[in-house]
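Secondary and tertiary structure notes
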Amino acid sequence: MATDIKDTAHAVEAAAVMGLLPARPRLLALGEPTHGEDTLLDLRNELFRQLVEQEGYRTIAIESDCMMGLVVDDYVTSGTGTLDEVMEHGFSHGWGTSAANRELVRWMRAYNDGRPASERLRFAGFDGPLEITAAASPRQALTALHGYLAARVDAELLSCTGETLDRLLGADDRWTNPAAMMDPTESVGQSAEARELRLLADDLVALLDTRTPHLLAASSRDGWDRARLYGRTATGLLRYHRWMADTSPARMTWLVSLRDQMMAHNLLALAERGPALVHAHNGHLQRAKSTMRMGGMPLEWWSAGALVSARLGAEYAFVATALGTIRHRGVDTPPPDTVEGLLYALPEDRCVIDAPRLATAVGDPLPAHRVSPWFGYSPLDPAHLAGIDGIVFVKDVAQS
């Protein structure tokens, strides 16, 4: 069996990844099993450079706030702001402090300098404005959508004024109250104002949709795309806040499902623009159903990758990253009867593996499921092998 596995291993290069796929996908999803390791982000950066230079990819999307990502996109496309400002204000989840993310942004800006708009690289965050313990106020997205429409359509078509939105939104800290994640009664998501805002947001998105030909002529494709992003984000946040205020047993399933739905909608919009590399946790990009336990309760939902794959078919590809060791996190050599253990026995420090061929080589019964001593790392589930197009294996992750 070791010989069969060795036969499926190739150097980690764009050409090797593409060689696993029937055609160039519109969305090539590269997953990671842990966050915050620059070893993995440096590998992502190199793969993106090769995809740009050899395969015509023009967009990279990462698991970061979609609204904040516009700050990065403005910088890499037109030089708006400084690199320091962009790293501080363009990323959520603390990603802006990563040296590898800084290098990605610096390289994209340098690549774009002097190129025509049609050839420039684009950056996107595809997560909702959602942190682990809170969700953003819908103010930024809702007022940006209203402002875009108010400047371009007749005033009588608008369902409300900006002042009405401002009054209904109230203070932003009502929406971002961290106590609401643990206590639904602390959320404003089912207040009379929130219900009214959901109806108004729905009308504004409908107006954006029904006026598409005029709006494309009156602004630009990019401007209209951004307005659609504002609409998706406003309606998604209002829906999320509604479920934060819910007291039923379905509450947490709804919340994890809605986050991945917002991610999926952002990815489907990016797919319209042309081929993109997508980078996020394996769990957000897998085709298999997602599961976790929260407060002793089992949750099941479909990830962004599963939702997008159902829509795009072969135009969505998923390459999972698997790891041998993260010694600075207490993750030592994997047991030999796990997928990671089988791959750790290969001579290469890093390689690309044909996952369907690996699944055939390991046969039945499946390898054991590795158990991580550290909560921040999720080993590969052997039962998912058949739904993965490729595996990038990194033998040892050095401390960043």
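None of the values given here were measured: they were computed from a predicted structure. (Residues numbered from 1 in each chain as written. Predicted model: local features only at pLDDT ≥ 70, side-chain atom pairs only at ≥ 80, totals over all residues. Heavy atoms only, no water.)

Remarks on the packing of aromatic side chains
One pass over the structure, following the stated rule, counts 5 aromatic pairs. For the ring pair phenylalanine 91 and phenylalanine 123, a centre distance of 5.6 Å and an interplane angle of 65 degrees mean the geometry is edge-to-face. Here phenylalanine 91 is found in the loop between helix H5 (83–89) and helix H6 (99–112), whereas its partner phenylalanine 123 is found in strand E4 (residues 122–127), with 32 residues between them in sequence. Its relative accessible area of 2% is what places phenylalanine 123 among the buried residues. Plain terms: the ring middles of tryptophan 243 and tryptophan 254 are 4.4 Å apart, the flat faces sit at 5 degrees to each other, and that makes the pair stacked. With a gap of 11 residues between them, tryptophan 243 in helix H12 (residues 221–244) and tryptophan 254 in helix H13 (residues 251–271) connect regions that are remote in the sequence. A cation sits over an aromatic face here: arginine 49 above tryptophan 107, 5.8 Å from the ring centre. A cation over an aromatic ring shows up here: lysine 395 above the ring of tyrosine 344, its NZ or CZ 5.3 Å from the ring centre. (Phe/Tyr/Trp six-rings, centres within 6.5 Å; stacked < 30°, edge-to-face > 60°. Helix = DSSP H or I, 4+ residues; strand = E, 2+ residues; numbered from the N terminus. Buried < 20%, exposed > 50% of the residue type's maximum accessible area, 1.4 Å probe, protein only. Lys NZ or Arg CZ within 6 Å of the ring centre and 35° of its normal.)

Looking at empty space enclosed by the protein
Within this structure, the stated rule accounts for 2 cavities of 30 Å³ or more. Approximately 270 Å³ is the volume found for the largest cavity. Around the largest cavity sit 19 residues that line it, and Leu70, Leu229, Arg232, Leu270 and Arg273 are the ones nearest its centre. Contributing elements (two or more residues each) for the lining of the largest cavity: helix H4 (69–78), E4, H12 and H13. By residue class, the composition of the lining of the largest cavity is 8 nonpolar, 3 polar and 8 charged. Shared between two domains, the lining of the largest cavity takes at least three residues from each, and those domains are domain 1 (1–133 + 249–397) and domain 2 (134–248). By volume, the second largest cavity is sized at about 40 Å³. Along its surface, the second largest cavity is lined by Leu30, Glu32, Leu40, Leu43, His279, Thr321 and Val392. Broken down by secondary-structure element, the contributors of at least two residues to the lining of the second largest cavity are strand E2 (27–32) and helix H3 (38–55). In terms of residue class, the lining of the second largest cavity is made up of 4 nonpolar, 2 polar and 1 charged. (1 Å grid on protein atoms, 1.4 Å probe; cavity = no way out; pocket = protein on both sides within 12 Å on 5 of 7 lines; lining within 4 Å. Points joined across faces, edges and corners; volume = space filled by probe spheres on them. Nonpolar A, V, L, I, M, F, W, Y, C, P; charged D, E, K, R; others polar. Domains from an automatic or database assignment.)

With respect to the packing of H12 against H13
For any two helices packed against each other, one specifies the inter-axial angle together with the distance between the axes. Following both chains from N to C, one finds H12 and H13 inclined at 175 degrees, their axes separated by 9 Å at the closest point. Here H13 runs roughly antiparallel to H12, going by the angle between their axes. Contacts between H12 and H13 involve Leu229, Arg232, Thr233, Gly236, Leu237, Arg239, Tyr240, Trp243 and Met244 from the former and Arg251, Trp254, Leu255, Leu258, Arg259, Gln261, Met262, His265, Asn266 and Ala269 from the latter. Here the contact of H12 with H13 is built from residues that sort into 10 nonpolar, 5 polar and 4 charged. (Axes fitted to C-alpha atoms, helices over the stretch in contact; angles between N-to-C directions. Parallel < 35°, antiparallel > 145°, perpendicular 65-115°, else oblique. Contact = heavy atoms within 4.5 Å.)

Details of the environment of arginine 211
With respect to the secondary-structure elements, arginine 211 resides in the loop between helix H10 (192–210) and helix H11 (212–218). With a relative accessible area of 30%, arginine 211 lands in the partly exposed category. Taking C-alpha positions, arginine 211 is 8.2 Å from valine 153, a pair spaced 58 residues apart along the chain. Apart from residues lying up to four places away in sequence, arginine 211 is in contact with Val153 and Leu157.

What to know about the pairing of strand E7 (residues 297–301)
Side-chain direction in a regular strand flips from residue to residue, so the side chains alternate between the two faces of the sheet. Where strand E6 (residues 290–294) meets E7, 5 bridges bridge the pair, whose relative direction is antiparallel. Each bridged residue has a counterpart across the sheet, and for serine 290 the counterpart in E7 is tryptophan 301. Count of turn residues in the E6/E7 antiparallel hairpin: 2 residues, of which glycine 295 carries a positive phi of about 60 degrees. (Pairing = 2+ DSSP bridges.)

Topic: the sheet that holds strand E9 (residues 350–354)
Sheet architecture is open: 8 strands sit in the order E1-E9-E10-E8-E2-E5-E3-E4, paired in mixed fashion. Strand pairing shows two members of the sheet lacking a second neighbour, strand E1 (9–10) and E4, which therefore form its edges. Taken strand by strand, H4 contacts strand E3 (59–65) and E4, and its axis lies near 175 degrees from that of E4. Each of E2 and strand E8 (316–325) touches helix H15 (residues 304–312); the most contacted strand, E8, lies at about 145 degrees to it.

Here's the deal with the layout of surface pockets
Over the atoms, a rolling probe the size of a water molecule traces out where space has been left empty. What the largest pocket holds in volume is close to 1,500 Å³. Taken together, 43 residues line the largest pocket, and the ones lying closest to its centre are His281, His284, Met292, Trp301 and Ser378. Residue assignment for the lining of the largest pocket shows that the elements contributing at least two residues are H13, helix H14 (282–285), E6 and E8. The element best represented in the lining of the largest pocket is H13, accounting for 5 residues. By residue class, the composition of the lining of the largest pocket is 20 nonpolar, 16 polar and 7 charged. For the lining of the largest pocket, the two domains that each supply at least three residues are domain 1 (1–133 + 249–397) and domain 2 (134–248). Put simply, the second largest pocket is a space of about 360 Å³. Around the second largest pocket, the lining is made up of 19 residues, and of these Val205, Arg228, Gly231, Arg232 and Thr235 lie nearest the centre. Breaking the lining of the second largest pocket down by element, the ones donating at least two residues are H10, H12 and H13. Counting residues per element, the lining of the second largest pocket draws most heavily on H12, at 9 residues. Here the residues of the lining of the second largest pocket are counted per class, giving 5 nonpolar, 8 polar and 6 charged. Counting residues domain by domain, the lining of the second largest pocket receives three or more from each of domain 1 (1–133 + 249–397) and domain 2 (134–248).

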